[in-house]
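What follows is the residue order along each chain.
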Amino acid sequence: MKGAQVQAFLALWNGIASDQVQPEYESWHSFEHVPERVGLPGFVDATRYRCVELPLRYFTLYSLRSLDALNTSEYRDVFTHPTPWSARMRLLLRDFYRLPCELCGVHGQGTASQLATVQCRSDSSGLAVKLNAWLEALVLRGGAVRAQWGVAPPGQDYWLANTANSLEGPGQDHVIMLEHLDAQLLRHSVQELQAVLLTQVSCVGRPEFFEQLTHVRQDELDSAPGQRRAPHTLLFNQFSGK
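Given the structure is predicted, the values throughout are model-derived calculations rather than measurements.

(A) Expanded view of the overall build of the protein chain. Looking only at helices and strands, one finds 7 helices and 9 strands in the protein chain. The C-alpha atoms of the protein chain give 18 Å as radius of gyration, which agrees with the globular expectation for 242 residues (18 Å, within 12%). Taken along the three principal axes of its C-alpha coordinates, the protein chain extends 55 × 35 × 35 Å. Residue burial in the protein chain is summarised as follows: out of 242 residues, 49% are buried. Restricting to contacts in the protein chain with at least 6 residues of sequence separation, those with at least 24 account for 82%. As presented, the protein chain carries roughly 11,400 Å² of accessible surface, and 52% of it is formed by carbon and sulfur atoms.

(B) Focus on the pattern of salt bridges. One pass over the structure, following the stated rule, counts 15 salt bridges. Notably, a salt bridge pairs E192 with R141, separated by 2.7 Å at the nearest N-O pair. In this pair, E192 is assigned in helix α6 (residues 183-198) and R141 in the loop between α5 (127-140) and β6 (146-151), connecting sequence segments 51 residues apart. In the salt-bridge network here, residues are joined through shared partners; they are E36, R37, D77 and R228.

(C) Examining the packing of aromatic side chains more closely. All chains considered together, the criterion is met by 11 aromatic pairs. Ring centres of W13 and F59 lie 5.0 Å apart, and the angle between their planes is 50°; this geometry places the pair in the tilted category. With a gap of 46 residues between them, W13 in strand β1 (residues 8-16) and F59 in strand β3 (residues 57-64) connect regions that are remote in the sequence. Summarising the aromatic geometry, the rings of F43 and Y62 are spaced 5.8 Å apart at their centres and angled 85° between planes, so their arrangement reads as edge-to-face. Residue F43 is found in strand β2 (residues 43-51), and its partner Y62 is found in strand β3; the two are separated by 19 residues along the sequence. There is no split in this pair, since F43 and Y62 are both buried. Ring pairing ties together the aromatic residues W13, Y49, F59, Y97 and F210, which thus form one cluster.

(D) Spatial organisation of the side chain of E208. By the secondary structure assignment, E208 is in strand β9 (residues 208-217). Its relative accessible area of 9% is what places E208 among the buried residues. Sequence-distant contacts of E208, that is, excluding residues within four places in its chain, are made with W13, R57, L115, A116 and T117.

(E) Layout of the packing of α5 against α6. Closest axis-to-axis distance for the α5/α6 pair is 12 Å, and the angle between their directions is 160°. Here α5 lies roughly antiparallel to α6, going by the angle between them. Crossing of α5 over α6 shows right-handed handedness. Judged by residue contacts, L131, W134 and L138 of α5 engage S189, E192, L193, V196 and L197 from α6.

(F) Here's a closer look at α6. For α6, spanning 16 residues, the distance from its first C-alpha to its last is 23 Å, which sits close to the expected 22 Å at 1.5 Å a residue. Within the sequence span of α6, burial applies to L186, S189, V190, L193 and L197. All buried residues of α6 lie within an arc of 105° about the axis, which places them on one face of the element. For α6, exposure combined with an orientation more than 90 degrees from the buried face picks out Q184, Q191 and L198. Structurally, α6 contributes buried residues whose contacts are with β5 (114-122), α5, β7 (172-180), β8 (203-204) and β9. At the N-terminal boundary of α6, the capping side chain belongs to D182, with an oxygen 3.0 Å from the backbone nitrogen of Q184.

Cut-offs used in this document
Residues numbered from 1 in each chain as written. Predicted model: local features only at pLDDT ≥ 70, side-chain atom pairs only at ≥ 80, totals over all residues. Heavy atoms only, no water. Helix = DSSP H or I, 4+ residues; strand = E, 2+ residues; numbered from the N terminus. Rg over C-alpha atoms; globule rule 2.2 N^0.38 Å. Buried < 20%, exposed > 50% of the residue type's maximum accessible area, 1.4 Å probe, protein only. Contact = heavy atoms within 4.5 Å. Areas by Shrake-Rupley, 256 points an atom, 1.4 Å probe, with all protein chains shown as cover. Salt bridge = Lys/Arg side-chain N within 4 Å of Asp/Glu carboxyl O. Phe/Tyr/Trp six-rings, centres within 6.5 Å; stacked < 30°, edge-to-face > 60°. Axes fitted to C-alpha atoms, helices over the stretch in contact; angles between N-to-C directions. Parallel < 35°, antiparallel > 145°, perpendicular 65-115°, else oblique. Left-handed = near helix turned anticlockwise from the far one by under 90°. Expected span 1.5 Å × (residues − 1). Arc of directions from axis to C-beta. Polar contact = N/O pair within 3.5 Å; in protein donor to acceptor, adjacent residues only side chain to side chain.

Any link to function would need more than the numbers given here.
Right, dumping it as structure tokens:
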């Protein structure tokens, strides 16, 4: 059912200020922030990941019914009126980068614990056909459990500016995500992907590798779909000493 619902995604990378704030960040992001976002109109689910090489770096993938989910009044409200906990945690984020993307291809069944993200820029009209064919073949031969990718429409900021730098080069930003249960096999598949992309795109970014932390779906939340969830005051008070 999810495949029929999802036509877009929001890819979001960020770091945090220090390991001293990591326990609070994990609680805020897991119990308040991500469920709050997933409960909004047009969101379907979200998966949180932590980088395996840089433990203070994270990736969050929000599945969307369409990019219109990022243009609603409810979505605007969570940015302009953050919870007290969110307002405090925003000050601790580092290297924040987000890409709203239209979903261009999904291959494979289910998900896996190991994730690789690859960003690239391309203005090639033939990239979609070639990339989808290659990713489909990759999954069929066991090089990935799941492979999906999307392209970011130009000129869209969706309410929050990035603090990290985008890739340079002509064309639009693309995000490719591979999942596998085996970390070493995943790295080998990413190397193959990079070799393919070098002949098709203007710029390929450095791949990043993550492990899955949590997953939340809108249809499993204890709030009405499309309605902003109440702040998690209990946990906030514990960390703020109230």
